[in-house]
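# Structural overview for review
Here's the letter readout for the chains.
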Amino acid sequence: MSLPPEGDAIQLSKMDVDSSQSTGSAVDVPDNEALKSIVEGMASSSVDENASGAKPKADAADSIPSSSFAKTAIKKQPLCVLVLGMAGSGKTSVVRRLSTYLASARKPFHTINLDPAVKSVPFMPYIDIRDTVNYKEVMKQYGLGPNGGIVTSLNLFSTMFDDVLKLIAKKEDHLDYIIFDTPGQIEVFNWSASGPIIAGALASVYPTVILYVVDTVRSNNTQTFMANMLYACSILYKYKLPFIIAFNKIDITDCKFAFEWMQDFEVFQDVLAEESTFSSNLTRSMSLALEEFYCNIKACGVSSFTGEGMADLVEKLAEGAIEYEEYRAEYEHLKEESSKRREEEKKKSMDKFKADITADGKEPISVVRDAIRNETEMLVNNYQSDSGSEDEELDADDIEETKEIESFQSFLRQQKEKAEQQRAHKIREQNHQAE
Ligand SMILES: Nc1nc2c(ncn2[C@@H]2O[C@H](COP(=O)(O)OP(=O)(O)OP(=O)(O)O)[C@@H](O)[C@H]2O)c(=O)[nH]1
């Protein structure tokens, strides 16, 4: 693990995957301590301002003393943009183009690469999963194929996502956007454990939106369009975060048709009427179900090649950030409700416990009773077996021990009687109250 030279994008530690343990042994847990030291180290290192678009250090706001009301009253938070989409839809290209656009608009941002299998990243990521998890070693050590390796790598990475949050927190005051590029296969993020962990962790701290990239050229086909929309719908309802669809590659095909299909159900039906396959019938019936989904999303057309539509996309992201506030309110409400529920459950079990406590308040009756019964039975058994052979001579120690046993037995009997009396008293009281 080595720190990048000052001025480079900061990287997480390389996960220690020891190739000598290649047969069936578990991959080492990510080196959190090393990460922590990097977090500390970051305080003194600087990030490449030009590559990442971060604000110059000598910002006017920085010259305001930290005790200043103006600086502490308004806490700026970056907008997290999770870029998802089918394989080859152009996620990475969109992240790259958006980065260029934000840099030229002097909007500070960072990019984070969550794709462990990507060969090269055409932008300078602030955090790169490949610096933490070696996906090929994961495949080797777990005996997995490429997809399993990607899923496992992302799952491993998500276990240390709190460290990623700490790294982000170090820079949050200076950032407007944090853009996350995700693995090529959408199911890796969407249906594995890591997706909800990462999205949930981000959304619980920062305004977060999902940017769903669609290949407009391929979506010209009604069935591909419907498959894309069903996927988008499942993501929207799964994460319940503000959702933006970016129809990419509009330099090849205009995305007007897609907007029409989304806005006007009949136009889509007319196109489907020209097809008579079984799948078009299925698509027809499904399109009805998606009407409500279309009302809840924002869409725009972009080209990662020409940069067309980037201004519109940034506008949609800003709307998403506003919409997120509703999510935050709901999230806070849910959090409050669940903590209330937990409190009530705690109180209920406490009451139950108190009701089961003896008069001297030391132990629940049932516990004392069971302990006494067990002890008594054990001692009586021992005593009987010991005294079974009358011919045996008892030495002084044996006599002493027998006396002790007898006296302890009598103590236990008393305790048992006391406990039984209390129990009977309690039952009487309960019956009395019931009457
Ligand atoms: N014409 C055109 N091609 C594009 C555009 N955006 C991406 N591409 C091309 O589409 C292909 C896939 O782009 P990527 O950015 O790698 O897509 P991705 O979704 O990140 O791909 P994976 O992560 O590997 O699934 C590449 O060949 C890009 O050059 C665009 O706006 N216009």
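Conventions used here
Residues numbered from 1 in each chain as written. Predicted model: local features only at pLDDT ≥ 70, side-chain atom pairs only at ≥ 80, totals over all residues. Heavy atoms only, no water. UniProt positions renumbered as here; feature names shortened; annotations may be inferred. Helix = DSSP H or I, 4+ residues; strand = E, 2+ residues; numbered from the N terminus. Pairing = 2+ DSSP bridges. Contact = heavy atoms within 4.5 Å. Axes fitted to C-alpha atoms, helices over the stretch in contact; angles between N-to-C directions. Buried < 20%, exposed > 50% of the residue type's maximum accessible area, 1.4 Å probe, protein only. Arc of directions from axis to C-beta. Core = buried A, V, L, I, M, F, W, Y, C linked by side-chain atoms within 4.5 Å.

The next thing to look at is the UniProt feature "coiled-coil region" (unreviewed entry) in the protein chain. Taken from the UniProt record, the annotation "coiled-coil region" (unreviewed entry) applies to residues 310–348. Taken end to end, residues 310–348 comprises 100% helix and 0% strand; its first and last C-alpha atoms sit 55 Å apart.

Before going further, it helps to spend a moment on the sheet that holds strand β6 (residues 243–248). An order of β3-β2-β4-β1-β5-β6-β7 is seen for the seven strands of this open sheet, with the pairing classed as parallel. Of all strands in the sheet, those bounded by a partner on one side alone are β3 (127–128) and β7 (298–301). For strand β1 (residues 79–85) and strand β4 (residues 177–181), the ladder comprises five bridges, and the chain directions are parallel. Among the inter-strand pairings, Val-83 is bridged to a residue of β4, identified as Asp-181. Those strands touched by helix α7 (residues 161–171) are β2 (109–113), β3 and β4, and its axis lies near 150 degrees from that of β4.

Turning our attention to helix α11 (residues 256–263). Of the positions making up α11, those classed as buried are Phe-257, Ala-258, Trp-261 and Met-262. Along the axis of α11, the buried positions cluster into a sector of 135 degrees, meaning they face one direction only. Exposed positions of α11 whose direction lies more than 90 degrees from the buried face are Lys-256 and Gln-263. Of the surrounding elements, those touching the buried residues of α11 are α10 (222–239), β6, α12 (265–273), α14 (291–295) and β7.

Here we come to the nonpolar core. Judged by nonpolar contacts, the single largest core of 63 residues is most densely connected at Phe-180, Tyr-212, Ile-245 and Phe-247. Looking at this core element by element, the count peaks at nine residues for α10. Sequence-distant contacts of Phe-247, that is, excluding residues within four places in its chain, are made with Val-214, Thr-216, Phe-225, Met-229, Cys-255, Ala-258, Phe-259, Met-262, Ala-299, Cys-300, Gly-301 and Val-302. Counting residues in hydrophobic clusters, the runner-up holds 24 residues, among them Val-83, Val-121, Ala-246 and Leu-317.

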